[in-house]
Each structure stands twice: as structure tokens, then as C-alpha cells.
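Commentary on secondary and tertiary structure
Single-letter residue listing:
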Amino acid sequence: MNVFKKISETTHYLENQKKAGKTIGFVPTMGALHDGHLELMRRAKSENDILAVSIFVNPIQFNNLDDLKKYPRDIEKDSKLLESVGCDILFVPDVNEMYPEEVNKTYDFGLLENVMEGAFRSGHFNGVAVVVKKLFEIILPDRAYFGEKDFQQLAIIQKLVEIENLPVKIVPCPIVRESDGLAMSSRNERLTKAERKLAPFIYKTLNSVKEKASAMTVDEVKLMVENMFRDQPEFTLEYFEIADAVNLQPVGNWRETQGIVAFIAAFLGNVRLIDNIRII
Ligand code: AMP
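One structure accompanies this document, and this report is about it. (Residues numbered from 1 in each chain as written. Predicted model: local features only at pLDDT ≥ 70, side-chain atom pairs only at ≥ 80, totals over all residues. Heavy atoms only, no water.)

**Quick notes on the sheet that holds strand β6 (residues 169-173)**
Neighbouring strands of a sheet are bound in pairs by backbone hydrogen bonds; such pairs are parallel or else antiparallel. To be explicit about the condition: The pairing criterion is simple: DSSP has to find at least two bridges between the two strands. The helix count covers DSSP runs of H or I at least four residues long, the strand count covers runs of E at least two residues long, and both are numbered beginning at the N terminus. Every angle, taken between N-to-C directions, lies between 0 and 180 degrees, and every axis is a line fitted to C-alpha atoms, over only the stretch in contact when it is a helix. The contact definition used throughout considers only heavy atoms, calling two residues in contact when any of these lie within 4.5 Å.
Read from one edge of the open sheet, six strands run β1-β4-β3-β2-β5-β6, paired in parallel fashion. Every other strand in the sheet has two partners, leaving β1 (2-4) and β6 as the edge strands with one partner each. Taken pair by pair, the neighbouring strands of this sheet meet at an average axis angle of 25°, ignoring direction. Judged from the three bridges that link them, strand β3 (residues 50-55) and strand β4 (residues 89-91) form a sheet pairing that is parallel. When the sheet's bridge partners are listed, Val 53 is paired in β4 with Leu 90. The sheet contacts of helix α7 (residues 124-139) involve β2 (24-29), β3, β4, β5 (143-147) and β6, and relative to β2 the element is tilted by about 145°.

And the structure:
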């Protein structure tokens, strides 16, 4: 595995690979890798000649300084995992390399950014879009792989590609879960043992939503979920939303045509967890 810290050496190497006719599959990450990340990488490796991965904890997408400081980092462990999936290029820039100057780009993602993560994490998606566009310019991927765990982020990235007319195919990948249903996440490492035992409640709740949806109205389901969380004092529900799978706007009934997804964001202790499930 080639490990690059500098933009110029990364782009130089990958440009040569492209000239030689090789395709590049890219998985951007913030490190603290788990099997959810590795699944994206296995797929990227199988569909492209070269697997490129970035690890960069992007400060401008954090709206909470404490979350940024506590974000888990373990580059040695990550490097071993990357070797195990046959990663060809790891790009690990520092903050000055990515942002030598202040960032002042502002994207307009319209309605997509005014709900859920966009509404609760001000500036988050702008920071994601800025870093992903920059990473695409450095890595020059043919395909880039993103997890449905961050469903709204995926929609934002697809919009970014459309707005900027970027020559890359975005490949959505299903959520990878622990055996008890908890969606894998780097933030799970920060849960205490007791919290970790409670954490699958989020997925269990989403499953009850899916099971009961056909027999209840959307409002009744929302009330049910709020009551379920009220009985779990360790959790603080930030939002539960039932939204259109394409434009992510809240729906009032089950008859919407483009598909429907249920979303949860909740704090368990100090750790913010998100998850989602497709209803229709
Ligand atoms: P992160 O390092 O959290 O920024 O995640 C990097 C990529 O991995 C994003 O596209 C995430 O959506 C994806 N990802 C993270 N966790 C999972 C998971 N449990 N299942 C599928 N994809 C995931």
C-alpha cells in the first residue's frame, strides 16, 4: 500500500495510473475503520483496478468542537485493516495540506439541507461537500462509494456531483450492522459497556416502525416512537422523521411514490448515533 500525505504526490501517482488505463475506486473516510467501511472498500476493490482510501477527520464538518476532539483516531490499526482489504493507495493529509487558506465556499442544496442532519448540525453538509469535492479533485476516482448509514449525506453528495458536474459515479452501499443490529459507526467506540448494551434499541425501534407502518398513520407512528424513547431515560431523541427517500422531505402518509425511509438521531450518554430503515 502506498501512503501519501501530500496532494501533489497523490494526484501525480493516480494520474499515471489513469493514463495506463486503470480505473480508480475511492472510499473517503474519517478513520477508526470498522467492517462498515471495509465493506465499501471490498466492493470498490472488486469493481475497479485500484482502491484508493482517504483518512481525514474533516474539521469543517464538525459543528461541535468536543465531538471533533473526541473523534477516535488509530492510524496503525487502520493501516492493518486497509492492507487486509488490498488497499492500493491511502491518502492521509493533515489539515494544513487540505485547507491552506480559509474556506469560504457556500453550497445551496435547497430543501435537502434544511431537514434532519442539516437542521440539527448547522454547516455540516457544507463542510462535507467542500472536502468531498476537494478529495475527488485529488484522487480522480471513476467511482466513489458511500454508505446508506449516512443516507442524507449520500443525497447531498449526489446533488454535489450534479451541481458541479463531476465526472464520478456515486455508488450507494447498504448499512453494515453488528450482530445485535446496531449500525456500525466509529462513534460506537465511545460508548461505555452499559451504553453499548442499550444501543441496539435504536435499530429495534426502527424495526417496529417498519412492522407497524401499514397498520398505523404516520402521526401515530411518530407518537409511538416518542413514547418508546420516553421510556428509555439513557437516550435523548434528537429527531425521528419519516421522509421521502429522494427529496428527504417529511411525508404525511404512506402513499408517497418515490419510497419512504424512517430516520433516528439520538444521544446515548454523550454519543450521538444515527440510523435509518427503508419502509417502502
Ligand atoms: P465516516 O468515516 O464515518 O465518515 O464514514 C465513511 C463512509 O463509510 C461513509 O460513506 C459512511 O456512510 C460509510 N459508513 C460508515 N458506517 C457504515 C455502516 N455501518 N455501513 C455502511 N457504510 C458505513
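**What to know about the packing of α7 against helix α8 (residues 151-164)**
Worth spelling out the cut-off: Should an angle fall under 35 degrees it is taken as roughly parallel, and over 145 as roughly antiparallel, whereas 65 to 115 is taken as roughly perpendicular and any remaining angle as oblique. By definition, any crossing whose near helix is turned counterclockwise from its far helix by less than a right angle is left-handed, and any crossing with a clockwise turn is right-handed. Amino acid classes used here: Ala, Val, Leu, Ile, Met, Phe, Trp, Tyr, Cys and Pro are nonpolar; Asp, Glu, Lys and Arg are charged; the rest, including Gly, are polar.
For the pair α7 and α8, interaxial distance at closest approach is 10 Å and the crossing angle is 55°. The angle between α7 and α8 places the two elements in the oblique class. Both α7 and α8 take part in a crossing whose hand is right-handed. In contact with Phe 125, Val 128, Ala 129, Val 132, Lys 133 and Phe 136 of α7, α8 contributes Gln 152, Gln 153, Ile 156, Ile 157, Leu 160, Val 161 and Glu 164. Here the contact of α7 with α8 is built from residues that sort into nine nonpolar, two polar and two charged.

**Considerations on α7**
Quick reminder: α-helices carry 3.6 residues per turn. Residues three or four places apart thus point the same way. As a reminder of what qualifies: Expected span of a helix: the number of residues minus one, times 1.5 Å. Only protein chains enter the accessibility calculation, which uses a 1.4 Å probe. A residue is then buried if its area is under 20% of the maximum for its type, exposed if over 50%, and partly exposed in between.
A rise of 1.5 Å per residue sets the reference length of α7, with its 16 residues, at 22 Å; its end C-alpha atoms lie 22 Å apart and thus fit the reference within 8%. Counting buried positions along α7 yields 14 of 16 residues, so the element is predominantly enclosed. With its phi angle positive at about 55°, Leu 140 sits one or two positions after the end of α7.

**Considering empty space enclosed by the protein**
This is how it is decided: Any residue with an atom within 4 Å of a point lines the site, the site being either a cavity, points on a 1 Å grid over the protein atoms alone where a 1.4 Å probe fits but cannot get out, or a pocket, an open set with protein on both sides within 12 Å along at least 5 of 7 lines. Grid points are joined across faces, edges and corners, and a volume is the space filled by probe spheres set on the points.
Applying the stated rule across the entire model yields two cavities of 30 Å³ or more. For the lining of the largest cavity, the secondary structure elements donating two or more residues are β2, α2 (35-47), α6 (116-120), α7, β5, α8, β8 (260-268) and β9 (271-278). Sort the elements by how many residues they give to the lining of the largest cavity and α7 lands first, with six residues. Class assignment of the residues belonging to the lining of the largest cavity gives a composition of 24 nonpolar, 14 polar and eight charged.

**Quick word on the site of the ligand**
Quick reminder of the rule: The cutoff for a nearby residue is simple: one of its non-hydrogen atoms must lie within 4 Å of the molecule or strand. Polar contact criterion, stated in full: a pair of N or O atoms within 3.5 Å, where within protein one must be able to donate a hydrogen and the other to accept it, and residues adjacent in sequence count only if both atoms are side-chain atoms. Grid points define the cavity or pocket, and a molecule sits in it when more than half of its atoms lie within 2 Å of them.
The local shell around the ligand holds 17 residues, among which Met 30, His 37, Asp 150, Val 176 and Met 184 are the closest. Contact between the ligand and Met 30: an oxygen atom at 2.9 Å from a main-chain N or O atom of the residue. In the model, an oxygen atom of the ligand is placed 3.0 Å from a nitrogen or oxygen of the Gly 147 main chain. Placement of the ligand is best described as lying within the largest cavity. Counting residues per element, the ones that place at least two in the shell around the ligand are β2, α2 and β5. A per-element tally of the shell around the ligand places α2 first, with three residues. Looking at the shell around the ligand residue by residue, the classes come out as nine nonpolar, six polar and two charged.

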